[in-house]
Amino acid sequence: MEQLVYESPRSVHELAYCLRNADQNTYLLSGGTDLVIKLRKLGVHAGRIIDMTRLEALNYIKIEDGCIRIGANTTFADISRNEELRRYATCLAEAAAQVGSQQIRNTARMAGNVANSSPRGDSIPALLALDAKAGILNGKGEITYKKMDELVVGIGKNTLQKDEAIVEFLIPCPDESHRSTFGKFGRESHRTSVVISHINIAAVIILDKQGTLVKSARVVIGSAAPVPYRAEAAEKALTDNAAGLARLNAFVDALQKHVIESIHGNKRYENKIDGIAGLGYSVYDRLFTSQPAGGAE
Amino acid sequence: MRESLKYVGASVPIHDAEQKVTGKLRYLDDMVLPDMLHGKLLLSNVAHGNIKRIDAAKAKALPGVVAVFTHMDAPVNRYNSHKWIDGMEVVKDERIFTEKVRFYGDRVAAVVAVDRQTAERAVGLIEVEYEMLPAVIDPVEALRPNAERIHENVNLLYRKTLECGNVETAMQAACRIVEDRVETPKIHHAAMETHACLADVDPAGNLTVWTPCQVIFQAQLIIAEALGIPGSKVRVIKSAIGGSFGGKGQPVLEPVCAFLAQKLNRPVKLVMDRGQAIAGTRTRTKTIGTVRTAVDHNGMIMARDIDVLVDAGGYFTNGDAVAMAMGKKAFKLYRIENQRYTAAGVYTNTPIGGAARGYGSPQIHAITEINLENTARQLGMDPVEFRLKNLVHPYDKDPLGGPELGNARILDCVRQGAAAFNWKERYFRPKDQGRYVRGVGMACCAHGNGYYGAYPDFITLSLRIAADGFAILKGAFHDLGCGTNTTMMQIVAETLDMDISKIYVPEADTLVSPFDSAGTQASRVTYVCGGAAMQAAQKVREKMRRYAARYFSCDVEAVVMENGRVRISDKPSATLSYGELAAIIQKTYSDEAGETITYQSPGNPTSYGANFAEVEVDTVTGRVKVLELLAVHDVGKAINKGFVEGQVQGAVQMGLGMALSEEITFDTQGRVQTMNFGKYHVINAPDMPEIKVLLVEELEESGPYGAKSVGEVATVATAPAVINAINHAVGINIDKLPATPERIMEKMKVRGR
Ligand SMILES: Cc1cc2nc3c(=O)[nH]c(=O)nc-3n(C[C@H](O)[C@H](O)[C@H](O)COP(=O)(O)OP(=O)(O)OC[C@H]3O[C@@H](n4cnc5c(N)ncnc54)[C@H](O)[C@@H]3O)c2cc1C
């Protein structure tokens, strides 16, 4: 008789125990907004489900030792509303606020988003731009840390082993004047909410003391290639250059060049080129013309 | 008629509001019968091919599977689901299961199992081998002489022309001719509830079918034709419905579900998932229209020539009816002495066209209203001024000799709308200089009120007041969520002057509802069925007055019926409640306080409307935000203001979808690419603009309390108004709907911004 066994660990210790005998047919369940659809599509009717949502110990957002820590059992709704994140990791709070609908955000977890490793996932570019790490627990109870580009490696592919679960995210807390923001567009639609990214971007800049020059920048383009990537030319365009139209145009040009390269002349993706320009202008606007949301205050 | 109205014009809540919001209303999928089985359809995943072999062995072996049916087991009878009344001549080309698939979504097989999960899994185990045929997706390609044939005959279904005056001569004399070619897409109705049906068989072999449908007698007729049995052996009961918009007009699942129950001699429920509803039911018909409008120096339209190609999809259904409906509307909006409308219909290997809110009106008016705005632009005229010069006036005749337009108030709509929208100032304001550019556009529209002049349009109703004081109105009413039953209650309450909560209007059931010729379609319900309800109530009222006069030995003129009571004007002691009088009529006179009438529609006036839209275009990405929309409607009289506004709000949402995002798309092999709401984008709540509704209530004499239709016409002007606004904003000419960001950018790049 086929059956789906359901386990709901209540502590990290119990989770490690559950992970110990994980196999090919073991599935970690967070909000289920990807997993349930996938299981139904693949017609999976047997196996083991480990429910991550009863782990109260993994439901937190806190700042500790110069780091923002987000537990794996934290919903996007909570991430999007958190004051500290909105201030120190604006791009992540903004990305979280734009995942699906309110109903989706109320149940979807960032851990699920990262582990699903879709090229269109919204939190991954933001985490990469923030230089975040994921804490990963294995069946032996050990925790290791991986950066986003070590974790997410292809379309739906990551380096997580069957007996591993993401338990938290670590984001270095900026101590200098910084700003960050996120933007996305869906495919061939004017929609502004409940859209799967057709192109998205996350950008983090560190400003000098005067708050005029960009000392360093991390700009990530998502949904344009199998995995989100650093747009180095765009980062360069921002860094150490004087404010003005020239910097803006150089930034947008660089973004477009990245995207053009990423889509390999595929006609179906051509509109990503206009898309990234639109996002580029808006992101630039938010980074430079609005009041800083970050540590400069 | 009393001077002041009590119920008509009020915003009475829909009769089942409480049941809906508390989750108590039982929709079809909530229904369970003892011994019930669950069916699941297998739809084709190729657009064109002959079925060579179907291997259902694995599906049948799955525990819980009761049976699998394919074209080899199904009746060979052909039918056309568009037919709703005996005597209609139609091309019959559809079967319960097909041996040749003609579009991605055609019905191949059904599994019946003890539960839905098993049925779904079993469907995935059926192996179908096709002899693949070239898929014809483009209707223009389908017309080519060497195009692959989709049915035995050529793909061209018909060619028809409507004409008044002399177009050729008038064109030659014109000072300017403006030509446009506009394409409108296949659209999914996107009702919240997908198609569903439940059928049962009694020991005598009679079928009972529950369905969220629009026309019970049509479902009965189609089931009978498909199964080759007398219609009277089929009872169809309309269930609660979670939206239709025309999508549940033609029976799709009814004949299939009835067949499954008949074969298995057990109740079977059949429910579609969203992908099946998108590909495998009906769609708004795709059209490609070319319009040439000839004008003189003063902006008077001298002639117009419209040529439309109608893409019926894989089966005929209403491929010709929708083309004719489109054509007729083109002659009812402007005073154009010389006009020609030519339509050709064609089969393609795409999902089937059918009824969809507006029945061709959204398509024809998108084509012509985009062209008219362009004409005004080319003339350097204000599009509102241009239209005001040419629009029809009240009581104009139809130039084709069709039903008269009635109290046509489109001029009032445009004048009042333009003032309320501050049109002139917004239209002529200097263009925005930055990245985001605003523009305004407007469009007018016309739609009918029933079938008078084209098909039989009558309804039989039975209204009776019981001794308990309640009134029951029996008729084949199908509330589609628009408030049909409540509207009837209001009309009866008003006419009889009685408490509306004591009026009961059950839903349609072929066994107990008197006959109705056409059901809930063609925007006929308020005008025709409402007219019938009013007449039935008047007759009951007169009958009660006669009996009251007899009972109290006075003149009929002295009998007053008011507020649920009968009294005699000069005899204060002589008073009875309606219930008491009904009891007396039964006991003393062996009669009932009721009447059964057959009401023939008195006409088919035209309902009009105008939409004014403001949009903002992101010139970097082509993204559009609709900032504001004003909808002005000539409704004669709003029986229920809340319903009318609700209809307009919802209709605008659909119109915005048609303008901006809704389109069923295909890959090169004809596979549907938009099989879920992640890919098929309706306009969602956060993107809805503020919608203002303005009603022109100038009373249509032939309608009940002056009312005419609004539910369909309300979706017509939105798409062209929005397209015109986009064109106005960035100076382009959108010729293909929906105007996606990509299409807008393409046009802007050509224009060289
Ligand atoms: C209507 C709708 C709209 C959506 N919109 C968006 C959108 O705008 N942007 C976007 O990025 N995504 C969107 N999604 C996708 C989805 O909601 C997100 O990817 C979400 O974050 C997944 O999280 P979850 O908690 O639901 O994960 P689940 O579905 O529970 O899991 C997803 C995957 O992660 C694995 N997993 C879960 N938890 C862990 C863990 N702790 N450690 C390791 N692996 C784990 C699961 O085994 C599974 O493989 C949408 C989905 C829907 C249905």
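**Q** What's the story with the overall build of chain A in this structure? I'm lost.
**A** The number of helices and strands found in chain A is twelve helices and 14 strands. For chain A, the spread of C-alpha atoms along the three principal axes comes to 65 × 45 × 30 Å. Burial analysis of chain A (297 residues in total) assigns 55% to the buried set. In chain A, once contacts between residues fewer than 6 apart in sequence are set aside, the share between residues at least 24 apart is 62%. Carbon and sulfur atoms form 51% of the exposed surface of chain A, whose accessible area is close to 13,500 Å². Within chain A, one finds 36 positive and 34 negative side-chain charges whose respective centroids are separated by 4 Å.

**Q** I tried to follow the domain arrangement of chain A on my own but got confused; where do I start?
**A** By a widely used convention, the size of an interface equals the accessible area lost when the partners come together. Residues and elements named next belong to chain A. Here chain A is described as being made up of domain 1 (4-51), domain 2 (56-172) and domain 3 (178-288). Each of domain 1 and domain 2 has a C-alpha centre, and these two points are 18 Å apart. Carbon and sulfur atoms supply 65% of the area that domain 1 and domain 2 bury against each other, a total of about 1,300 Å² over both sides. It is V12, L19 and T33 that lose the most area in domain 1 upon contact with domain 2, and together they represent 33% of the buried surface on that side. Our count for the domain 1 to domain 2 interface comes out at zero salt bridges. The tally of links between domain 1 and domain 2 comes to three residue pairs in polar contact (both at pLDDT 80 or more). Elements with a contribution of two residues or more to the side of domain 1 that touches domain 2: α1 (12-20) and β2 (26-29). The greatest single-element share of the side of domain 1 that touches domain 2, amounting to five residues, is contributed by α1.

**Q** Hey, could you run me through the site of the ligand in this one?
**A** Residue and element names in this part refer to chain A. Around the ligand, the surrounding shell holds 32 residues, and the nearest of these are L28, G31, T33, D34 and L35. N113 is positioned with one of its side-chain polar atoms (N or O) 2.8 Å from an oxygen atom of the ligand. K184 is positioned with one of its side-chain polar atoms (N or O) 2.9 Å from an oxygen atom of the ligand. For the ligand, the protein covers 88% of the area, taking 980 Å² as the surface of the free molecule. Contributing elements (two or more residues each) for the shell around the ligand: β2, α2 (35-42), α7 (110-116) and β10 (164-172). The element best represented in the shell around the ligand is α7, accounting for five residues. Looking at the shell around the ligand residue by residue, the class counts come to 16 nonpolar, ten polar and six charged.

**Q** Quick question: what am I supposed to make of the domain arrangement of chain B here?
**A** Residue and element names in this part refer to chain B. Assigned domains within chain B: domain 1 (17-23 + 453-600), domain 2 (31-133 + 195-271) and domain 3 (286-449 + 605-751). The straight-line distance from the C-alpha centre of domain 2 to that of domain 3 is 36 Å. Listed per partner, the contact involves 19 residues of domain 2 and 24 residues of domain 3. Both sides of the domain 2 and domain 3 interface together cover about 1,600 Å² of buried area, and 60% of this is carbon and sulfur. Considering only the surface of domain 2 that becomes buried against domain 3, F103, Y104 and F245 emerge as the three largest contributors, covering 35% of it. On the surface where domain 2 and domain 3 come into contact, there are zero salt bridges. The interface formed by domain 2 and domain 3 contains eight residue pairs in polar contact (both at pLDDT 80 or more). Class assignment for the residues of the side of domain 2 that touches domain 3 results in five nonpolar, nine polar and five charged.

**Q** It is not clear to me how the pairing of strand β20 (residues 471-474) of chain B should be interpreted in this structure. Could you clarify?
**A** The two faces of the sheet receive side chains in turn, since in a regular strand these alternate between them. Residues and elements named next belong to chain B. Side chains A471 and L473 project from β20 onto a buried face, and the interleaved I472 and K474 project onto a face without burial. Judged from the four bridges that link them, strand β19 (residues 458-465) and β20 form a sheet pairing that is antiparallel. Along β20, the bridge assignment pairs I465 with A471. Between β19 and β20, which pair antiparallel and follow one another directly, the connecting turn spans five residues, one of which, G469, has a positive phi of 90°. In this sheet, strand β21 (residues 503-504) lies alongside β20 in parallel orientation, the contact comprising two bridges. Note that in β21 the partner of I472 across the bridge is Y504. This β-α-β element, β20 to helix α14 (residues 484-496) to β21, shows right-handed connectivity.

**Q** I'm lost on the environment of E698 of chain B in this one. Help?
**A** Residues and elements named next belong to chain B. Its location among the elements puts E698 in the loop between β28 (690-696) and α18 (718-730). The exposure class of E698 is partly exposed, given its relative accessible area of 37%. Expressed as a C-alpha distance, the spacing of E698 and K637, which sit 61 residues apart in the sequence, is 6.8 Å. Excluding residues within four positions of it along the chain, E698 makes contact with N407, R409 and G636.

Reading the values: the criteria
Residues numbered from 1 in each chain as written. Chains lettered and ligands numbered in written order. Predicted model: local features only at pLDDT ≥ 70, side-chain atom pairs only at ≥ 80, totals over all residues. Heavy atoms only, no water. Helix = DSSP H or I, 4+ residues; strand = E, 2+ residues; numbered from the N terminus. Buried < 20%, exposed > 50% of the residue type's maximum accessible area, 1.4 Å probe, protein only. Contact = heavy atoms within 4.5 Å. Areas by Shrake-Rupley, 256 points an atom, 1.4 Å probe, with all protein chains shown as cover. Lys, Arg positive; Asp, Glu negative; His and termini not counted. Charge placed at Lys NZ, Arg CZ, Asp CG, Glu CD. Domains from an automatic or database assignment. Buried area = accessible area lost by both parts, 1.4 Å probe. Salt bridge = Lys/Arg side-chain N within 4 Å of Asp/Glu carboxyl O. Polar contact = N/O pair within 3.5 Å; in protein donor to acceptor, adjacent residues only side chain to side chain. Near = heavy atom within 4 Å. Nonpolar A, V, L, I, M, F, W, Y, C, P; charged D, E, K, R; others polar. Pairing = 2+ DSSP bridges. Right-handed = clockwise from strand over helix to strand, strands pointing away.

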